[in-house]
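# Observations on chain architecture
The residues making up each chain are set out below.
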Amino acid sequence: MQKTEDLNIAAFDLMPSPDEVKARIPITEEAVRTVVEGRRAIEAILDGRDPRMFGVIGPCSIHDAAAGLDYARRLRLLAEEVKDTLVLVMRVYFEKPRTSVGWKGFINDPYMDDSFRIDEGMERARRFLLQVNELGLPAGTEALDPHAPQYYGDLVSWTAIGARTSESQTHREMSSGLSTPVGFKNGTDGDVDAAVNAILSAGRPHSFLGVNGQGQSAIIRTRGNRYGHLVLRGGGGRPNFDTVSISLAEQALTRAKLPLNLVVDCSHANSWKKPELQPLVLRDVVHQVREGNRSVVGFMVESFIEDGSQPIPDDLSKLRYGCSVTDACVGWDTTVEMVRQAREVLKDVLPRRDRG
């Protein structure tokens, strides 16, 4: 009989189950404390019970665990310095959605050589998240592969659904079952309606096909996630952090009868992918809050030890330490200046801010 399936499949390589990976890299009490405190702080901000804002700050992508932990230690100290005003979460992105082709991230290709050792990448990603949380620094990541949260979701305090996937039914269903607050980014064309619809969808219960901790196919039934919120990242050739764009986003949330919770991504189209413009974006947003804006609850910054970005060389020993291999980032000194300036402007404003 002629074969009719798997015609374009080269191989099926077995993947360890989520439970097996967790058994090899178990969560610790210190990490649990960090995860829970991070989630509760962000939830309280979204509920209006905590007047502070939160910032998701870190590399565009993790490619070097040593440099990533170096960065995490620095950010942990900065987070302690500004904790009266800002809750800092480290941006820890392991999966990179590509517009066409390119390196797919730390999980898919941990050796950056097209060997695609996803089994090793998943373990290394979990270990990295564990180490970050053991520092006392909560972590945020983008959920791209719908199976990945089963492997490391217990170590995440905030989740993003990207501009390319906010419209995806699969990601909306997955988000409805995540244990973290979830930020849905507006589409690459700048439209916010898909993200608003995603928030509505993720807030409802769903049933869908997935895998359980043993790696078995399972029908996953969710309760719905009430902590979905909108992330403005610009698009369609223009930014959307200005007062008019924010007002339009507020109107879209109001029409959908959703809480007025907005996070501004200072990178991507909001800065025309020019890292040197990220400080100007944050400064503008902070000024809006000082002048009376009540909907902006957080911000995102792409930041690493060194500024800029670099291509991935054939000889990986030539990689510049602490420099992004995906989108260009602001350097550490600029990051410190941005965060300290934001805290200085907001420290006396946020306690008086009426979010009711």
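Given the structure is predicted, the values throughout are model-derived calculations rather than measurements.

Moving on: the overall build of the chain. Helix and strand counts for the chain stand at ten helices and ten strands. Seen through its C-alpha atoms, the chain measures out along the principal axes to roughly 70 × 45 × 45 Å. Here the chain holds 356 residues, and 54% of them are scored as buried. For the chain, the accessible surface area stands at approximately 16,400 Å², while carbon and sulfur atoms represent 49% of it.

Turning to the sheet that holds strand β8 (residues 228-232), a few remarks are in order. A barrel is described by the order of its strands in space; here eight strands give the closed sequence β1-β2-β3-β4-β5-β8-β9-β10, paired in parallel fashion. In this sheet, adjacent strand axes meet at a mean angle of 30 degrees when their direction is disregarded. Pairing analysis gives three bridges linking strand β3 (residues 139-142) to strand β4 (residues 158-161), with the strands arranged parallel. In the sheet register, glycine 140 faces β4, and the bridge partner there is tryptophan 158. Relative to strand β5 (residues 182-185), helix α7 (residues 193-202) is tilted by about 150 degrees, and along the sheet it contacts β5 and β8.

What follows concerns the environment of lysine 273. Of note, lysine 273 is situated in the loop between β9 (262-265) and α9 (278-290). Along the chain, lysine 273 and alanine 328 lie 55 residues apart, while their C-alpha atoms are 7.3 Å from each other. Ignoring any residue separated from it by four or fewer positions in sequence, one finds lysine 273 in contact with His268 and Asp327.

Quick look at the nonpolar core now. Judged by nonpolar contacts, the single largest core of 79 residues is most densely connected at Leu75, Leu86, Leu88, Met90, Phe94, Tyr152 and Leu230. For this core, the element with the most residues is helix α3 (residues 65-82), which contributes eight residues. One finds Ile45, Val89, Val231 and Val297 within the second-largest nonpolar core, a separate group that totals 16 residues.

For the rest of this paragraph, the subject is the pattern of salt bridges. A complete count under the given rule lists 19 salt bridges for this structure. One salt bridge in this structure joins arginine 74 and aspartate 70, with 3.0 Å as the shortest N-O distance. In this pair, arginine 74 and aspartate 70 both sit in helix α3, four residues apart, roughly one turn of the helix. On the accessibility criterion, aspartate 70 (18% relative accessible area) is buried.

Parameters at a glance
- Residues numbered from 1 in each chain as written.
- Predicted model: local features only at pLDDT ≥ 70, side-chain atom pairs only at ≥ 80, totals over all residues.
- Heavy atoms only, no water.
- Helix = DSSP H or I, 4+ residues; strand = E, 2+ residues; numbered from the N terminus.
- Buried < 20%, exposed > 50% of the residue type's maximum accessible area, 1.4 Å probe, protein only.
- Areas by Shrake-Rupley, 256 points an atom, 1.4 Å probe, with all protein chains shown as cover.
- Pairing = 2+ DSSP bridges.
- Axes fitted to C-alpha atoms, helices over the stretch in contact; angles between N-to-C directions.
- Contact = heavy atoms within 4.5 Å.
- Core = buried A, V, L, I, M, F, W, Y, C linked by side-chain atoms within 4.5 Å.
- Salt bridge = Lys/Arg side-chain N within 4 Å of Asp/Glu carboxyl O.

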